[in-house]
Structure formats: C-alpha cells, structure tokens
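One letter stands for each residue in the lines below.
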Amino acid sequence: MEEKYSGFYLFLNLVLIVLFGVSLFTIKLTTFNIVIFSIVLIVQVGLAAYIKFLHQDIMKKLVDTEKNLMVSEREIKHKTYFDEITKLPNERYLLDKIEENLHVNPYDKAVLVFEIDRLASIKSSLGSVYSDCLLRKVAQRLQDQLSDQLIIGKLRDDQFVILIDHYESRDDILKFCKQLQKIMETPFEIQYFSLNNSLNIGISFYPKDAESELDLIKFAQIAAYEARNTQEHILFYETSMSDVRTERVTLENDLFNALKNNELFLEYQPQVDTMTGEIISMEALVRWRHPKRGLVSPGEFIPVAEESGLINPIGKWVLETACYQTKKLQDKIDRPIQIAVNLSLCQLFQGDFVQTVQQILEKTELSPQSLQLELTESMTMNTDHLTPILHDLKSLGVSLAVDDFGTGYSSLSYLRDLPIDCLKIDCSFVKNIQQDTSNEPIVDMIISMAKHLNLKVVAEGVEEITQFNYLMKSKCDFIQGYLFSRPISIEQIFDTLCNLQHIAKEMIQSLQEDLTHEAVRKSL
Ligand code: C2E
Ligand code: MG
Ligand code: MG
C-alpha cells in the first residue's frame, strides 16, 4: 500500500519537475512562483521518503512478529509434548506415538514402565532441586546408553516409559530390564551427594495384555508398583494383579487429570467466635468431582495425592484458589476474614514453598495476616527441618495452626520450639462431650494449655448445642462444625454470612442467659 503511495509521489514529483522545466522556458515565472513551486516539490520528496521509511518499518515489525509467533508456537509445542525437567517426550507424546506405532506396525510389542525407587524420599529430605537434578541425570544416562531407536519418555513424577517394538522372547525383555538396572547402578553425583537408586520395572505386552495405548501404560504401571515387593524388582503384568492396585493406579491417573480438567473445587467451613458470634475465619476444604464416581472425599484422594507427589500441584492450586476467593469475599463484605488452608508434609519440603506462598499472596493481593496454614501434629516430629521454614512463613505475616491436635501426640516440646499460633482440637474429642465425660478433661486440658502458651483454640466437629455450651464455658475461642454450617461454596458463604452470625449470636445470648440463671440459682 505504502509502496504504491511512495511510487505515486515519485511520479508526481517527476511530472512537477517536467512542468517546472517547461514553464521556465515558456512563461516568465516570478520569484514568488518559483519559491512556492520549490516548496511543493520539497514537501513531495519528503513525503515520498517518509512513506518509504514507514513501509520499511512496518515490514520489519511484521517479520519480527512472524518470527516471535514461530518461536512461541515452537515453545507451546515443546511444552505440550515434552517434559519440562528431563526434556524427554511426555505422556501425551508417548500415547500418540504408541497409538501411531500400533496402527502402522501391529506386531507384538512390550511397554516398560520403570520408577526410581527413592525419588519421593530424596525429594522430601533434600528438596526438589536435588530430585529434579536426579531426574535429568537419569534421562541423560538413558539417552546416552540406550539405542536411539527406542522410544523413551517420561511419565509423571518418578516414572519413565520405554516402547520396545520388536522382541523375540520374554527372556529378551528380562535381559533388557537387567541391563537397564545395571545402567542405573553407578551412583549419581549431585553436588555433595552421591545418590544410589534402584529401579522397579513393570512390563505389559501388546496385544496379549491390552490393545490400547492407555491400558498398556496403565498395566505396566501396576506391574511396576507391584515390582517394589519382589526380589528382582521386575514384574510382568498379570490379570490377577490385585484389583485394589488397579483401582489405585486408576485413581492416581484420574487425579492427575483432575487438575487439568477443573474437577477440583473448594468448599469453606466458617469458624464462629464463641464470645461474639462473629465469623472472622473459615477453613478451605478441597473437593473432587470425579466424572464417573461423583464426589470423592479428600480422606480418600489426599493420601493418593501425597504418595504420588501430586499433592504439590494440587496443594498449590488449593492455596492460590483459597487466597483468590477469600480476597474477593473480603472485597464484597468490606472487612477482613481469615482463611485456613491445610498443608501436607511434602509441600513444606518443596525447596521454594515459602517463596510460593509469598508469590501467591502478592498475586492474589490477600494480606498475609488473612492466611493461616494448618499443619498436622505428625509433621512436627521433623522439628530440625521444619523450624526454619515455619519461621520464614511467620516472617511473611502468615499464622500457623496445628490441626487434629491430640491425635498424633509425640512430644509437646514442639509447641515451645515452633512458632505456632493456634491449636485445633480434633473432632474425636469434641464428639463425645457430654455423652462420655471422659473426653472433657482432655478438652479442658488442651484449652488450658493453649491459654498458658498464648495460643488460640478452635474446636472442630461441633454438631450439638451441648458441645457448644461446654466449649463456650471452657473458653474455647472458636468453634467449627455442622451445628453452624457444613462446608459450603464461597458464594453460599457470602449469601449466608449475616444469617449464620445472627443465629450464632442468638445462640450465644441464650446460652449466656442460661449460665447467668444457673449462677443465680447456685448463689441462692
Ligand atoms: P481437617 O482439616 O481436620 O478438616 C475437617 C474435616 O471435618 C472436614 O472433612 C470437614 O468436612 C469435617 N467436619 C467439619 N465439621 C464437622 C462436623 O460437625 N462433624 C463431622 N463429622 N465432620 C465435620 P473433609 O472435608 O472430609 O476433610 C477431611 C480431611 O482431608 C481434612 O481434615 C484434611 O486433613 C484433609 N484435607 C481437606 N482439604 C485438604 C487440602 O486442601 N489439602 C490437604 N493437604 N488436606 C486436605
Ligand atoms: Mg484442617
Ligand atoms: Mg482437623
């Protein structure tokens, strides 16, 4: 377009120069005319040059944009099909590749899944920097020492997969598996550590065990899991392998997709102040709506997530969503409300956990004082490792609570050593208040201990007015339970907040009146 214009201007200039020359010879031009004529000519030439410059600039920008698009496209493709840590093809790529291979070349094949035995414990003891480095080194060694004809890929976490296109017998495969174990025998040097690791290998055959690429991988995963308990750590898939394991691997795989497919969501349970009836805090509880099984309870899937390492991305999602939704709620009700989020041990041992919390708080604009992190008592056994992390979290301004207090008792000294703000009395102690009086001294003891240590106390699982009455009299600070509300969506929290507070206040008032009457009766 601009090229056309600049051509047009050049042509116009030529015409003007010719006209100028002709007029010089034919008519007698005044100085004024010559000046005007020259100005017009200069402007024309200037315009033509400017348009040419514009054109070149636009063309350069277009070429740059095209180049950037190509780079982004390449990056997206790489992220979709390659594992970020090892740079090996990922599960999606492998599924496509195996499917393609089955169509083109439908002969007997074997799928090998192998897992690095101690990766999870390396991750929790040394941190993800070491475990990621180990994964990279394993991938490198595989690529260096195995034939490049083999399709090698990375499944999630600690699992790798190899597709063997042609094999003569099961013995061939067995030999190959042993070779694989040998390759991994030499320890991996990572900074100051020399890490040994062993492999658990599971094998499934096409078409004997399964005909679909998904089942082939799943069955090899089941066999790899079972291989942990064998002497050779190598196992061929058998249909007789326990259904429980199949269910577990299926659940693990489904959970892996749950985050991607938005199947997880949060519910919130209010915590009522026993003095004022105000709701100034709530707990976030994760829920999973499974496409086939319906709602799966966290009691069932959190342990699976913890064992498979999926708890880290899930925990991060929970934290971010809870902070984001709480901030929105605060903006709507125009006052602070604290959110308590449950943590798992592996999350705390991620090298960058404190940084992640800080980034989430900054991103969601939730004030650190509005976030409480819930630990369980069993975590506190690891005091040496935990103390600096908890102090760093505290210096962000976040508060810390011990969940299910009283169930995982080891040594109470952690209450003195760790920067804890709050104890949550476990449901099991609250459940029997006033039915089985043997629990009451425990509840009283926890409350009194907390008061001495200057800690807040929340009682969980309060279902009965009698329990509330007792806890109120014992000066428990907050209660949480079905008596006031089950865990509900954030929208429902917003809709019912005033109503819930109103009910709580009325309940507290009537209980206090009863208390006064009782006191008066006693004094008479
Ligand atoms: P928790 O953190 O101790 O949560 C309290 C549990 O008690 C919740 O079960 C809640 O629904 C239930 N509850 C509350 N009030 C009552 C009541 O009055 N009566 C009875 N019978 N139960 C009550 P839920 O939601 O099934 O969660 C179970 C556990 O799963 C949680 O126990 C927590 O340990 C874990 N969990 C839940 N969400 C997360 C999460 O985002 N991350 C991690 N790591 N764990 C989570
Ligand atoms: Mg909790
Ligand atoms: Mg609890």
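Residues numbered from 1 in each chain as written. Chains lettered and ligands numbered in written order. Predicted model: local features only at pLDDT ≥ 70, side-chain atom pairs only at ≥ 80, totals over all residues. Heavy atoms only, no water.

## Looking at the domain arrangement of the chain
Quoted interface sizes are often the accessible area lost when the parts come together. So the rule is basically this: Each domain's extent is set by a domain assignment, obtained either automatically or from a database. Here, residues are in contact when the closest pair of their heavy atoms is within 4.5 Å. Here's the idea: put two parts together, see how much 1.4 Å probe accessible area each one loses, and the total over both is what we call buried area. Definition of a polar contact: a pair of N or O atoms within 3.5 Å, with one able to donate and the other able to accept a hydrogen when the atoms are protein atoms, and with sequence-neighbouring residues admitted only if both atoms are side-chain atoms. A run of H or I in DSSP becomes a helix once it reaches four residues, and a run of E becomes a strand once it reaches two; helices and strands are each numbered from the N terminus. The classification used treats Ala, Val, Leu, Ile, Met, Phe, Trp, Tyr, Cys and Pro as nonpolar, Asp, Glu, Lys and Arg as charged, and all other residues, Gly among them, as polar.
Assigned domains of the chain: these are domain 1 (2-81), domain 2 (91-237) and domain 3 (257-523). Taking only C-alpha atoms into account, the centre of domain 2 sits 41 Å from that of domain 3. Counting from both sides, the interface comprises 8 residues of domain 2 and, opposite them, 8 residues of domain 3. Interface area, domain 2 with domain 3, both sides summed: about 620 Å², of which 39% is carbon and sulfur. Linking domain 2 to domain 3 there are 1 residue pair in polar contact (both at pLDDT 80 or more). Top contributing element to the side of domain 2 that touches domain 3 by residue count: helix α4 (residues 119-126), with 3 residues. For the side of domain 2 that touches domain 3, the residue count by class is 1 nonpolar, 4 polar and 3 charged.

## Observations concerning the coordination of the magnesium ion (ligand 3)
Convention followed: Only N, O and S atoms count as donors, using a 2.8 Å limit from the metal and a wider 3.2 Å limit for Na, K and Ca, and since water is excluded some coordination spheres may look unfilled.
Those protein atoms acting as donors to the magnesium ion (ligand 3) are Asp-403 (OD), Asp-404 (OD), Glu-460 (OE) and Glu-460 (OE), and they sit at 2.0 to 2.7 Å. Taken as a pair, the magnesium ion (ligand 3) and the magnesium ion (ligand 2) lie 4.0 Å from each other and share Asp-403 as a ligand.

## Structural notes on the coordination of the magnesium ion (ligand 2)
Geometry reference: four tetrahedral donors at a metal, ideal angle 109.5 degrees. Six octahedral donors, ideal angles 90 or 180 degrees. What counts is decided by this rule: Only protein chains enter the accessibility calculation, which uses a 1.4 Å probe. A residue is then buried if its area is under 20% of the maximum for its type, exposed if over 50%, and partly exposed in between.
On the protein side, the magnesium ion (ligand 2) has Glu-283 (OE), Asn-342 (OD1), Glu-374 (OE) and Asp-403 (OD) as donor atoms, found 2.0 to 2.2 Å from it. Going along the chain, you hit the donors of the magnesium ion (ligand 2) in the pattern E-x58-N-x31-E-x28-D. Its relative accessible area of 2% is what places Glu-283 among the buried residues. With relative accessibility at 28%, the residue Asn-342 sits in the partly exposed group.

## A word on the pattern of salt bridges
For clarity, the cut-off: A carboxyl oxygen of Asp or Glu within 4 Å of a side-chain nitrogen of Lys or Arg is what we treat as a salt bridge.
Enumeration over the complete set of coordinates arrives at 20 salt bridges. Taking the shortest distance from any N to any O, the salt bridge between Lys-60 and Asp-64 comes out at 3.8 Å. With Lys-60 and Asp-64 both in helix α2 (residues 31-81), this residue pair falls 4 residues apart, about one helical turn. Close ionic contact of Lys-424 with Glu-283 constitutes a salt bridge, the shortest N to O distance being 2.8 Å.

## Looking at the sheet that holds strand β6 (residues 199-206)
Keep this limit in mind: Two strands pair if DSSP finds at least two bridges between them. For helices, the fitted line uses only the C-alpha atoms of the stretch in contact; every axis is such a line through C-alpha atoms, and the angle between N-to-C directions lies from 0 to 180 degrees.
Strand order in this open sheet of 5 strands is β2-β3-β1-β6-β7, and the pairing throughout is mixed. Strands at the two margins of the open sheet, each flanked by one partner only, are β2 (151-154) and β7 (234-236). The mean angle between the axes of side-by-side strands here comes to 20°, regardless of whether they run parallel or antiparallel. Two strands pair when backbone bridges link them, and strand β1 (residues 109-116) and β6 are joined in this way by 8 bridges, in the antiparallel orientation.

## As for the nonpolar core
Operational definition: Residues belong to a common nonpolar core when they are buried Ala, Val, Leu, Ile, Met, Phe, Trp, Tyr or Cys residues joined through side-chain atoms within 4.5 Å.
Core analysis: the biggest nonpolar cluster contains 83 residues, and Leu-348, Leu-371, Leu-373, Leu-393, Leu-423 and Leu-471 have the highest contact counts within it. With 8 residues, helix α18 (residues 490-523) is the largest single contributor of residues to this core. Other than its neighbours up to four places away in sequence, Leu-423 contacts Val-402, Phe-405, Leu-415, Ile-446, Met-449, Ala-450, Leu-455, Lys-456, Val-457 and Val-458.

## Points about the site of ligand 1
Worth spelling out the cut-off: Throughout, the term near means that a residue has one or more heavy atoms lying within 4 Å of the molecule or strand in question.
Close to ligand 1 lie 21 residues; Arg-287, Asn-342, Asp-403, Glu-463 and Tyr-482 are nearest. One of the side-chain N or O atoms of Glu-463 is found 2.6 Å from a nitrogen atom in ligand 1. Elements with a minimum of two residues in the shell around ligand 1: β9 (279-290), α9 (298-308) and β13 (399-405). With 4 residues, the single largest contributor to the shell around ligand 1 is β9. When its residues are assigned to classes, the shell around ligand 1 shows 9 nonpolar, 5 polar and 7 charged.

## Points about the packing of aromatic side chains
Defined as follows: Aromatic pairs are defined between Phe, Tyr and Trp rings, using the six-membered ring for Trp, whenever the two ring centres lie within 6.5 Å; interplanar angles under 30 degrees are classed as stacked, those over 60 as edge-to-face, and all others as tilted.
The full count for this structure, using the stated rule, is 8 aromatic pairs. Centre to centre, the rings of Phe-114 and Phe-160 are 5.5 Å apart; their planes meet at 10°, and the pair counts as stacked. One end of the pair, Phe-114, is in strand β1; the other, Phe-160, is in strand β3 (residues 159-164), and 46 residues separate them in sequence. When sorted by exposure, Phe-114 lands in the same class as Phe-160, which is buried. Look at Phe-219 and Tyr-237: their rings are 4.3 Å apart centre to centre, the planes differ by 5°, and that puts the pair in the stacked class. In this pair, Phe-219 sits in helix α7 (residues 213-227) while Tyr-237 sits in the loop between β7 and α8 (243-260), placing the two residues 18 residues apart along the sequence. Exposure class is identical for Phe-219 and Tyr-237. Each is buried. Members of the aromatic cluster, connected to one another through ring pairs, are Tyr-81, Phe-82 and Tyr-93.

## So, helix α10 (residues 311-333)
How we decide: An expected span of 1.5 Å times one less than the residue number is assigned to each helix.
Its 23 residues give α10 an end-to-end C-alpha distance of 32 Å, which sits within 8% of 33 Å, the value for a rise of 1.5 Å per residue. Note on α10: the residue one or two positions beyond its end, Asp-334, has a positive phi of about 60°.

## Remarks on the pairing of β6
For clarity, the threshold we go by: For a crossover, the right-handed case is the one in which the path from the first strand over the helix to the second runs clockwise, viewed with the strands pointing away from the viewer.
Of all 8 residues in β6, 8 are buried, a share of seventy percent or more. By the alternation rule, side chains of β6 split into Leu-199, Ile-201, Ile-203 and Phe-205 and Asn-200, Gly-202, Ser-204 and Tyr-206, which are all buried. Summarising the sheet, β6 and β7 pair through 3 bridges and their orientation is parallel. Opposite Ile-201, over in β7, you have Ile-234 as the bridge partner. Between β6 and its parallel partner β7, the chain crosses via α7, and the hand of that crossover is left-handed.

## Remarks on helix α16 (residues 440-452)
Between its first and last C-alpha, α16 extends 18 Å over 13 residues, near the 18 Å set by a 1.5 Å rise per residue. Within the sequence span of α16, burial applies to Glu-440, Val-443, Ile-446, Ile-447, Met-449 and Ala-450. Of the surrounding elements, those touching the buried residues of α16 are β13, α14 (414-417), β14 (422-425), α15 (427-431), β15 (456-459) and α17 (465-473). Looking one or two residues beyond α16, the residue adopting positive phi is Asn-454, at roughly 65°.

## Considerations on the pairing of strand β12 (residues 371-376)
By the criterion of burial, β12 is predominantly enclosed, with 5 of the 6 residues buried. Direction of pairing for strand β11 (residues 338-342) relative to β12: parallel, over a ladder of 4 bridges. By the bridge assignment, Ala-340 is partnered in β12 with Gln-372. As defined by bridge partners, β12 adjoins β13 across 5 bridges and the pair is classed as parallel. Pairing of Leu-373 across the sheet is with Leu-400, part of β13. In the classification by handedness, the crossover that spans β12, the intervening helix α13 (residues 383-396) and the parallel β13 is right-handed.

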